[in-house]
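Report on the structure
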Amino acid sequence: MTSRKTYHHGDLRQAVLDAALDVIAAEGPGALSLRDLARRAGVSHAAPAHHFKDRTGLLTAIAAEGYDLLAAALAGTPELRERGVRYVRFATDHPAHFQVMFQPELLRTDDPDLVAAKERASAELRAGMADLPDVPDARAAGIAAWSLAHGFATLLLTRNITAALGDQGPEEYFRSLTGLLFTGQLATGSRD
């Protein structure tokens, strides 16, 4: 009879989330397995199910955490362009969250924590529209702005525009892109 060393994890929920984010960043959400995550965290194969029930629960928790992080990233930035820059920065800083957040087929979309986190992020996205003068359709303008930031971030994360950036960083390039589209001139200078 062999004795198995047991390990008590101080914060199993966070350890599983962190391991899941590593897997998603490297291999995508399809590679997730609660059994593998338990092995990585050094706990029994059933332990993650106590916190997440199943893979969908885990992905839903990741998405909710992502929306909370996005809301925090956007908070306190009144200018729409800079909200877009922060959106791009969020995507590059949290690529695994970003991959999961916008795939509703992977999530329990009615999960209360997810619904609340999405609303906080949406409110922050909408708040950026306040500084636009004379916008006839604020909802359409908001969707256009979100589409630009989200599309740019997606192209960036999938390495489809790496060569186009040249020596410019993604945030500065995004500022230039929005300047070109909205004023007809390339934006110059740096902001934070």
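A brief report on the enclosed structure follows. All residue numbers refer to positions counted from 1 along the written sequence of the respective chain. The predicted nature of this model means local features are confined to residues of pLDDT at least 70 and side-chain atom pairs, given and counted, to a pLDDT of 80 or more, with totals for whole chains, interfaces and linings taken over all residues. The basis for the side-chain values is all heavy atoms of the structure; hydrogens and waters are excluded.

Notes on the overall build of the chain
Put simply, the rule reads: Strands here mean DSSP runs of E at least two residues long; helices mean DSSP runs of H or I at least four residues long; both are numbered from the N terminus. The buried label applies to any residue whose accessible area, calculated with a 1.4 Å probe on protein chains only, is under 20% of its type's maximum; exposed applies above 50%, and partly exposed to all values in between. When checking whether two residues touch, look at their non-hydrogen atoms; a contact exists if any pair is within 4.5 Å. Using the Shrake-Rupley algorithm and a 1.4 Å probe, accessible areas are obtained, with residue cover drawn only from the displayed protein chains.
From N to C terminus, the chain includes ten helices and zero strands. Secondary structure of the chain in N-to-C order comes out as α-α-α-α-α-α-α-α-α-α. The proportion of buried residues among the 192 residues of the chain is 37%. Pairs at least 24 apart in sequence give 66% of the contacts found in the chain among residues at least 6 apart. A total accessible area of about 11,100 Å² is found for the chain, and carbon and sulfur atoms account for 54% of it.

Some points on the pattern of salt bridges
So the rule is basically this: Any carboxyl oxygen of Asp or Glu within 4 Å of a side-chain nitrogen of Lys or Arg constitutes a salt bridge here.
Applying the stated criterion to the full structure yields nine salt bridges. Here Arg175 makes a salt bridge to Glu82, at a shortest N to O gap of 2.9 Å. With Arg175 in helix H10 (residues 170-183) and Glu82 in helix H5 (residues 80-93), this pair connects stretches of sequence that are 93 residues apart. Using a relative accessible area of 4% as the deciding quantity, one classes Arg175 as buried. Residue Glu124 is joined to Arg83 by a salt bridge in which the shortest nitrogen-to-oxygen separation is 3.2 Å. With a gap of 41 residues between them, Glu124 in helix H7 (residues 112-127) and Arg83 in helix H5 connect regions that are remote in the sequence. For Glu124, a relative accessible area of 21% puts it in the partly exposed group.

Quick notes on the packing of helix H4 (residues 55-74) against H7
Heads up, the rule is: A fitted line through C-alpha atoms represents every axis, and for helices the fit uses only the stretch in contact; the resulting angles, taken between N-to-C directions, go from 0 to 180 degrees. Here the word oblique covers every angle except those under 35 degrees (roughly parallel), over 145 (roughly antiparallel) and from 65 to 115 (roughly perpendicular). A crossing counts as left-handed when the near helix is turned anticlockwise from the far one by less than a right angle, and as right-handed when that turn is clockwise. Gly counts as polar in this scheme, as do all residues outside two lists: the nonpolar Ala, Val, Leu, Ile, Met, Phe, Trp, Tyr, Cys and Pro, and the charged Asp, Glu, Lys and Arg.
Look at H4 against H7: their axes get within 8 Å of each other, and the N-to-C directions meet at 25 degrees. Judged by the inter-axis angle, H4 sits roughly parallel to H7. The crossing of H4 and H7 is left-handed. The residues of H7 that touch H4, namely those facing Thr60, Ala63, Ala64, Tyr67, Asp68, Leu70, Ala71 and Leu74, are Asp113, Leu114, Ala117, Lys118, Arg120, Ala121, Glu124 and Leu125. When its residues are assigned to classes, the contact of H4 with H7 shows ten nonpolar, one polar and five charged.

Concerning the packing of H5 against helix H8 (residues 138-157)
Running from N to C, H5 and H8 cross one another at 30 degrees; their axes reach a closest spacing of 9 Å. With respect to their mutual orientation, H5 and H8 come out roughly parallel. Considering the relative orientation of H5 and H8, their crossing is right-handed. Between H5 and H8, the contacting residues are Leu80, Gly84, Tyr87, Val88, Ala91 and Thr92 on the first element and Ala145, Trp146, Ala149, His150, Phe152, Ala153, Leu156 and Leu157 on the second. Considered class by class, the residues forming the contact of H5 with H8 number eleven nonpolar, three polar and no charged.

Quick look at the environment of Ala117
Structurally, Ala117 is set in helix H7. You can call Ala117 buried: its relative accessible area is 0%. Not counting chain neighbours up to four residues away, the residues in contact with Ala117 comprise Ala64, Tyr67 and Asp68.

A look at the environment of Phe52
Position of Phe52 relative to the elements: it lies in helix H3 (residues 47-52). Relative accessible area serves as the criterion here: at 4%, Phe52 is assigned to the buried category. As for Phe52 and Arg13, which are separated by 39 residues in sequence, their C-alpha atoms are 8.2 Å apart. Excluding anything up to four places from it in sequence, Phe52 contacts Arg13, Val16, Leu17, Gly57, Leu58 and Ala61.

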